[in-house]
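So the chains spell out like this:
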Amino acid sequence: MDIGSKIRAIRNRKKVTIAQMCEGTGLSKGFISNVENNNTSPSINTLQTIATYLDVPLPYLLLEKKQHMQVVRKDERTYSTLNNLKIEHITSKGGLRLTSVKFPPGASIGDAHAHEGEECHLVLEGKVLAEQGEDSFILEQGDSFSWNACVPHTVTNIGNEKAVVLVAVHSDKELNDLL
């Protein structure tokens, strides 16, 4: 773990000198220097003192680089198609994935299907018919719905204009085979 570099970067971003940090934490200059150069491993209590002084949550100092916030710029997003639908892959993290699905009039995700996980949907544009089991609802812009995805389900654009649905899917399983 590269905790020291992270502490140094936060300290520098906040324009805090080592002397100020020593005064604020009660730690020596040599110790802080050794921590920032990853020459010593501070205790959790010491890390908490540093985190408190720098006004960052302790867990943030313990995150590995790959666990930090991920950014996907809008021009870097990937797209795919399914049954005449345009699927914009907005972002994902672990078992959570966020997509935007554009349905031309009359288009559907296809026959009712089921998979691991849970889904939440927000209708951004248009009018859709969401069906799961015996439930069937017509939803319009601003409406949302969610379901356990292990029950067969489908969504169809029943309007005369395109429909756009924001879809968040969470599963403990790999999500590569979904929209």
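Residues numbered from 1 in each chain as written. Predicted model: local features only at pLDDT ≥ 70, side-chain atom pairs only at ≥ 80, totals over all residues. Heavy atoms only, no water.

## Topic: the overall build of the protein chain
Of regular secondary structure, the protein chain possesses 5 helices and 9 strands. Its helices and strands in sequence order give the protein chain the pattern α-α-α-α-α-β-β-β-β-β-β-β-β-β, from N to C terminus. Relative to a compact globule of 179 residues, whose C-alpha radius of gyration would be 16 Å, the protein chain shows 24 Å and is clearly more extended. Within the protein chain, contacts between residues at least 6 apart in sequence are counted, and of these 60% link residues at least 24 apart. Within the structure as shown, the protein chain displays about 10900 Å² of accessible surface, and the carbon and sulfur contribution to it stands at 49%. Where the 19 positive side-chain charges of the protein chain centre and where its 22 negative ones centre are 14 Å apart. (Helix = DSSP H or I, 4+ residues; strand = E, 2+ residues; numbered from the N terminus. Rg over C-alpha atoms; globule rule 2.2 N^0.38 Å. Contact = heavy atoms within 4.5 Å. Areas by Shrake-Rupley, 256 points an atom, 1.4 Å probe, with all protein chains shown as cover. Lys, Arg positive; Asp, Glu negative; His and termini not counted. Charge placed at Lys NZ, Arg CZ, Asp CG, Glu CD.)

## Some thoughts on the packing of aromatic side chains
Geometry of an aromatic ring pair is reported as the spacing of the ring centres plus the angle between the planes. Per the counting criterion, the structure on display carries 1 aromatic pair. The ring of Tyr60 carries Lys6 above its face, with NZ or CZ at 5.0 Å from the centroid. Over the ring of Tyr79 we find Lys86; its NZ or CZ atom is 4.6 Å from the centre of that ring. (Phe/Tyr/Trp six-rings, centres within 6.5 Å; stacked < 30°, edge-to-face > 60°. Lys NZ or Arg CZ within 6 Å of the ring centre and 35° of its normal.)

## A closer look at the environment of Asn37
Mapped onto the elements of the fold, Asn37 is located in the loop between helix 3 (29-36) and helix 4 (44-54). Assessed through its relative accessible area of 42%, Asn37 is described here as partly exposed. Once the C-alpha coordinates of Asn37 and Ile3 are considered, the two residues, 34 residues apart in sequence, prove to be 9.0 Å apart. (Buried < 20%, exposed > 50% of the residue type's maximum accessible area, 1.4 Å probe, protein only.)

## Examining the side chain of Thr25
For Thr25, the location among the structural elements is in helix 2 (residues 18-25). Of the residues examined, Thr25 reaches a relative accessible area of 14% and is grouped as buried. From its side chain, Thr25 meets the backbone oxygen of Met21 in a polar contact 2.7 Å long. Among all residues touching Thr25, those that are not within four sequence positions of it are Ile32, Thr49, Ile50 and Tyr53. (Polar contact = N/O pair within 3.5 Å; in protein donor to acceptor, adjacent residues only side chain to side chain.)

## Thoughts on a nonpolar patch on the surface
Together, Met1, Ile44 and Leu62 make up a nonpolar patch on the protein surface, roughly 310 Å² of accessible area in all. With respect to the helices and strands, Ile44 occurs in helix 4. (Patch = residues over 30% accessible without salt bridge, like charges linked within 9 Å, V, L, I, M, F, W, Y side chains within 5 Å. Salt bridge = Lys/Arg side-chain N within 4 Å of Asp/Glu carboxyl O.)

## Digging into the pattern of salt bridges
All chains considered together, the criterion is met by 4 salt bridges. The shortest N-O distance in the salt bridge between Glu88 and Arg77 comes to 2.7 Å. Linking Glu88 in strand 2 (residues 85-93) with Arg77 in the loop between helix 5 (58-62) and strand 1 (78-82), this pair joins segments that are 11 residues apart in sequence.

## What about the confidence of the model for the protein chain?
For the protein chain, mean pLDDT is 93; residues scoring 70 or higher make up 97% of the total. Taking the mean pLDDT of every element in the protein chain, the minimum, 92, falls on strand 1 and the maximum, 98, on strand 5 (residues 127-132). (pLDDT = per-residue confidence, 0-100.)

## Section: helix 2
Within the span of helix 2, buried status applies to Met21, Cys22 and Thr25. Across the axial projection of helix 2, the buried residues extend over an arc of 105°, all falling on one side. (Arc of directions from axis to C-beta.)

## Side note on helix 4
Residues of helix 4 that are buried include every one of Thr46, Leu47, Ile50, Ala51 and Leu54, and no others. Buried residues of helix 4, seen end-on, are gathered within an arc of 135° and therefore sit on one face of the element. Away from its buried face by more than 90 degrees, helix 4 exposes Asn45 and Thr52. Those residues of helix 4 that are buried lie in contact with helix 1 (3-13), helix 2, helix 3 and helix 5.

## Thoughts on unusual backbone geometry
One non-glycine residue with positive phi stands out, namely Asp55, at about 60°. Locating Asp55 in the fold gives a position in the loop between helix 4 and helix 5. Overall, the relative accessible area of 65% leaves Asp55 in the exposed class.

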